[in-house]
Amino acid sequence: IPKGTRSQSWMGHTSFKNYTIQADLRGAKKNGKMPDMGLINSRYTLDVMGSQQQLQLRSWTPRLELRFAKTIPFTWTSDTWYTVKFRSEVVEEKGVASKIVLKGKVWPKGEAEPTAWLIEGEDLTPNTNGSPGLFGNSGDAEVFIDNVTVKTND
């Protein structure tokens, strides 16, 4: 994603649900600033935030405080490849979706995958489906993406 753009891209059908998307991401650094980069799953974004050094799960909406968002501190380094994994699982009660469970993890590419999820959240007003995709806000520096996979949850 070239410097100066905020981009989202989708792949697959909007009816997809209960899947995991994974990709290797690298953010550059320019003038002391880093980009935001992440993955999209069922109309939610897992955002590795550069300037804020945070990791955020959020729904798509212009006003986060009115919907769903969970943010934790997360320190990461520019010009280093990270593997990012984002899983969604719809929970049904009596055949009706009652919530969606979202889980994310980030680790340096080439290292063993951590067993524990780094960030988790439950949205009780769930988006139950949506296309997998990629997110990048490279207003400050470029984002690089490689090795994208999408798999149905086991």
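The structure this text deals with has already been given above.
Residues numbered from 1 in each chain as written. Predicted model: local features only at pLDDT ≥ 70, side-chain atom pairs only at ≥ 80, totals over all residues. Heavy atoms only, no water.

Trainee: Outline the nonpolar core, supporting the account with residue identities and numerical values.
Mentor: Judged by nonpolar contacts, the single largest core of 25 residues is most densely connected at Val 48, Leu 55 and Phe 86. Of all the secondary-structure elements, those providing two or more residues to this core are strand S2 (19-27), strand S3 (36-41), strand S4 (44-49), strand S5 (54-59), strand S7 (82-93) and strand S8 (96-108). The leading source of residues in this core is S7, at 4 residues. Apart from residues lying up to four places away in sequence, Phe 86 is in contact with Tyr 19, Thr 20, Ile 21, Leu 39, Ile 40, Asn 41, Tyr 44, Thr 45, Leu 46, Leu 57, Leu 102 and Lys 103. (Core = buried A, V, L, I, M, F, W, Y, C linked by side-chain atoms within 4.5 Å. Buried < 20%, exposed > 50% of the residue type's maximum accessible area, 1.4 Å probe, protein only. Helix = DSSP H or I, 4+ residues; strand = E, 2+ residues; numbered from the N terminus. Contact = heavy atoms within 4.5 Å.)

Trainee: Quick one: what's the story with the pattern of salt bridges, residue by residue and with numbers?
Mentor: It is possible for side chains bearing opposite charge to pair when their charged atoms get close. Taken as a whole and assessed by the stated rule, the structure comprises 8 salt bridges. Between Lys 109 and Asp 24 there is a salt bridge; the shortest N-O distance is 3.6 Å. With a gap of 85 residues between them, Lys 109 in the loop between S8 and strand S9 (119-123) and Asp 24 in strand S2 connect regions that are remote in the sequence. For Lys 109, a relative accessible area of 40% translates into the label partly exposed. Put simply, Glu 89 and Arg 87 hold a salt bridge, and the shortest N to O gap is 3.5 Å. Through salt bridges that share partners, Lys 85, Lys 105 and Glu 113 make up one connected network. (Salt bridge = Lys/Arg side-chain N within 4 Å of Asp/Glu carboxyl O.)

Trainee: Which residues make up unusual backbone geometry, and what are the values?
Mentor: Non-glycine residue Asp 79 carries a positive phi angle of around 55°. Turning to its location among the elements, Asp 79 is positioned in the loop between strand S6 (69-73) and S7.

Trainee: Explain the packing of aromatic side chains to me, and be specific about the residues and the numbers.
Mentor: For the coordinates displayed, the defined rule picks out 3 aromatic pairs. Relative to Tyr 19, the ring of Phe 16 has its centre 6.4 Å away and its plane inclined at 75°; by these criteria the two rings are edge-to-face. Phe 16 gets classed as partly exposed once you look at its relative accessible area, which sits at 31%. Taking the centre distance of 6.2 Å and the plane angle of 85° together, the rings of Trp 76 and Tyr 82 count as edge-to-face. Across the pair, exposure class does not vary: Trp 76 and Tyr 82 are buried alike. Directly above the aromatic system of Phe 144 lies the positively charged group of Arg 26, at a separation of 4.1 Å from the ring centroid. (Phe/Tyr/Trp six-rings, centres within 6.5 Å; stacked < 30°, edge-to-face > 60°. Lys NZ or Arg CZ within 6 Å of the ring centre and 35° of its normal.)

Trainee: Lay out the side chain of Lys 105 with the relevant residues and their values.
Mentor: Mapping Lys 105 onto the fold places it in strand S8. Of note is the side chain of Lys 105, whose polar atom sits 2.7 Å from the backbone oxygen of Pro 114. Excluding its chain neighbours within four sequence positions, the residues that come into contact with Lys 105 are Leu 46, Thr 83, Val 84, Lys 85, Glu 113, Pro 114, Thr 115, Ala 116, Trp 117 and Leu 118. (Polar contact = N/O pair within 3.5 Å; in protein donor to acceptor, adjacent residues only side chain to side chain.)

Trainee: Give me the environment of Thr 125: which residues, what numbers.
Mentor: Looking at where Thr 125 falls in the secondary structure, it is placed in the loop between S9 and strand S10 (133-137). Using a relative accessible area of 53% as the deciding quantity, one classes Thr 125 as exposed. The spacing of Thr 125 and Gly 50 is 75 residues in sequence and 28 Å in space, taken between C-alpha atoms. The contact partners of Thr 125, leaving out residues within four places of it in the chain, are Tyr 44 and Arg 67.

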